[in-house]
Amino acid sequence: MFGGLSKWSKSTWSLKRTFYGQSTIHSESGIPAQVVAAIDINTTANQIYGHNFPDTALWNKTIEGISLDDFNKLSIDMILMSPPCQPFTRLGLQGDIADLRTKSFLYILDLLPRLRRLPRFILLENVKGFESSSARECLVKTLVECGYTFHEIMVSPTSVGMPNSRLRYFLIAKISTENFISSKILDAFPHPAERDFPEPPTVSSPPCSGTWQPEEGKQGGQVLYKLETTMDAQRKRSQNNDLSVRQVQDFLQPQTEVNMEDFLLPPKTLLRYALLLDIVRPTCRRSVCFTKGYGRYVEGTGSVLQCCMETEMDHVFGGLDQCSEEEKLQRLLKLKLRYFTPREVANLMGFPQSFSFPEQISTRQQYRVLGNSLNVVVVARLLQLLVS
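All values derive from a computational prediction rather than experimental measurement.

Definitions and cut-offs
Residues numbered from 1 in each chain as written. Predicted model: local features only at pLDDT ≥ 70, side-chain atom pairs only at ≥ 80, totals over all residues. Heavy atoms only, no water. Pairing = 2+ DSSP bridges. Helix = DSSP H or I, 4+ residues; strand = E, 2+ residues; numbered from the N terminus. Polar contact = N/O pair within 3.5 Å; in protein donor to acceptor, adjacent residues only side chain to side chain. Patch = residues over 30% accessible without salt bridge, like charges linked within 9 Å, V, L, I, M, F, W, Y side chains within 5 Å. Areas by Shrake-Rupley, 256 points an atom, 1.4 Å probe, with all protein chains shown as cover. Salt bridge = Lys/Arg side-chain N within 4 Å of Asp/Glu carboxyl O. Lys, Arg positive; Asp, Glu negative; His and termini not counted. Charge placed at Lys NZ, Arg CZ, Asp CG, Glu CD. Buried < 20%, exposed > 50% of the residue type's maximum accessible area, 1.4 Å probe, protein only. Core = buried A, V, L, I, M, F, W, Y, C linked by side-chain atoms within 4.5 Å. Axes fitted to C-alpha atoms, helices over the stretch in contact; angles between N-to-C directions. Contact = heavy atoms within 4.5 Å.

**Q** Got a sec to walk through the sheet that holds strand β9 (residues 279-280)? Specific residues and values, please.
**A** Ordered by their spatial adjacency, three strands build an open sheet running β9-β10-β11, and the pairing between neighbours is mixed. The open sheet has two edge strands, β9 and β11 (337-339), and neither has a second partner. Pairing of β9 with strand β10 (residues 304-306) involves two bridges; the strand directions are parallel. Paired with V280 across the bridge in β10 is L305.

What follows is the structure, encoded as structure tokens:
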């Protein structure tokens, strides 16, 4: 039996749990499994989950609402969990276990030693920052007391050849006296997470016109016209030259399936945020982390795609600050910048083609749940390591 007890007390966690459905578990990781319970109180999350896994039991309640007796009746072999990340994210208040949103996680830790039969396997995911938290200390203490062997790792999808940055903390644990074999972990994730470039910082407001001076000098064969440092440019160039990572174009949606005009950045957005955009081309081997605000906010929420390959970036951004507003817009429009579609974001996060959204789920809601999701390929590799 398999317990898909994933993110709770947060409205958009079900996509993390979507991977853990019966058919997807088997096809992506090769591990036959049955989800004995999927739990969420958010109607959107439940609609998406029920649409993809109509035969799985879906409980509309909080984790804290499940008693010890209920857990014992499930008789689960594996718990997959991703506690709310807000108490640990670098952009949050970092309240750690004092944050009420950790209540459900602490409830699970209290419940675990009292179960009639301990789950054989546990997988946990969270943001970078969790590894140095008091919540992590509570987790490790509980696992040790219960007799689990565990391994912790920081992984980004670039480590498995996916052109998207999403650095996350993972812990895999099993009831065993044998430790995880380091060589197997290195084989599964051949590239260290440190190689991955960080998520872009959130900027509170765009720079005022006339205050920015472009760096015109050549830096390693590249001219810096946008708001990035020489190190940023070198890191991006290194990513794009890494042949172990696939190109973005492998994950794009056929133009016959969607009207791409609907995803073009509006003129107001182009004029205000042009210098802050992370722009990628179809031949790039990189993109930055997509967050739940993608499509609604611009700064630090994800990359945008340049659709016109005939237009060079330096021709657009060179001397842009000296142009009139109308000329700026005309230059920027030549790039045909657009948002990645929700299907493309899902592709970059490893979701199978069988996954879909119900028709009534808006584009904004789709971006929101995807932004709270994780990479399916990464989790599949971890599950294979966990049960091997």
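**Q** Can you lay out the side chain of S303 for me, pointing to particular residues and giving the numbers?
**A** For S303, the location among the structural elements is in the loop between β9 and β10. Here D278 takes part through its side chain, which lies 2.5 Å from a polar atom of the side chain of S303. At 2.8 Å, the side chain of S303 forms a polar contact with the backbone nitrogen of V288.

**Q** Requested: an account of a positive patch on the surface, with residues and values cited.
**A** There is a patch of like positive charges on the surface, built from K292, R296, R364 and R368. Along the polypeptide, R364 turns up in helix α13 (residues 363-371). Residue class for R364 comes out exposed when judged on its relative accessible area of 54%.

**Q** Any details on the nonpolar core? Residues and values, ideally.
**A** L123, F170, F189, F317 and F340 are the most contacted members of the largest nonpolar core, which has 61 residues in total. When residues in this core are grouped by element, the largest group, seven residues, is from helix α14 (residues 376-387). Counting 30 residues, the second-largest nonpolar core is a separate cluster that includes I66, F88, F130 and L139.

**Q** Describe the pattern of salt bridges, listing the residues and the values that go with them.
**A** Scanning the entire structure with this criterion turns up 12 salt bridges. When the shortest N-O distance is used, the salt bridge between D232 and R235 registers 2.7 Å. Note that D232 and R235 are positioned in helix α8 (residues 230-240) at a spacing of three residues, about one turn of the helix. With a relative accessible area of 24%, R235 lands in the partly exposed category. R286 serves as the salt-bridge partner of D278, at 2.5 Å between the closest nitrogen and oxygen. An identical accessibility class is assigned to D278 and R286; each is buried. Overlapping salt bridges bring together K236, D278 and R286 as one network.

**Q** A description of the sheet that holds strand β6 (residues 168-175) should follow, citing residues and the corresponding values.
**A** Note on sheets: strands pair through backbone hydrogen bonds, and any given pair is parallel or antiparallel. Strand order in the open sheet made by the four strands is β3-β4-β6-β5, with mixed pairing throughout. The open sheet terminates on both sides in strands that have one partner only, identified here as β3 (78-81) and β5 (148-155). Neighbour-to-neighbour, the strand axes of the sheet open up by a mean angle of 10 degrees, direction not taken into account. Where strand β4 (residues 121-127) lies against β6, seven bridges are found, and the strand directions are antiparallel. By the bridge assignment for β6, V127 is matched with R168. Across the face of the sheet, α14 comes into contact with β3, β4, β5 and β6 while running at roughly 25 degrees to β6.

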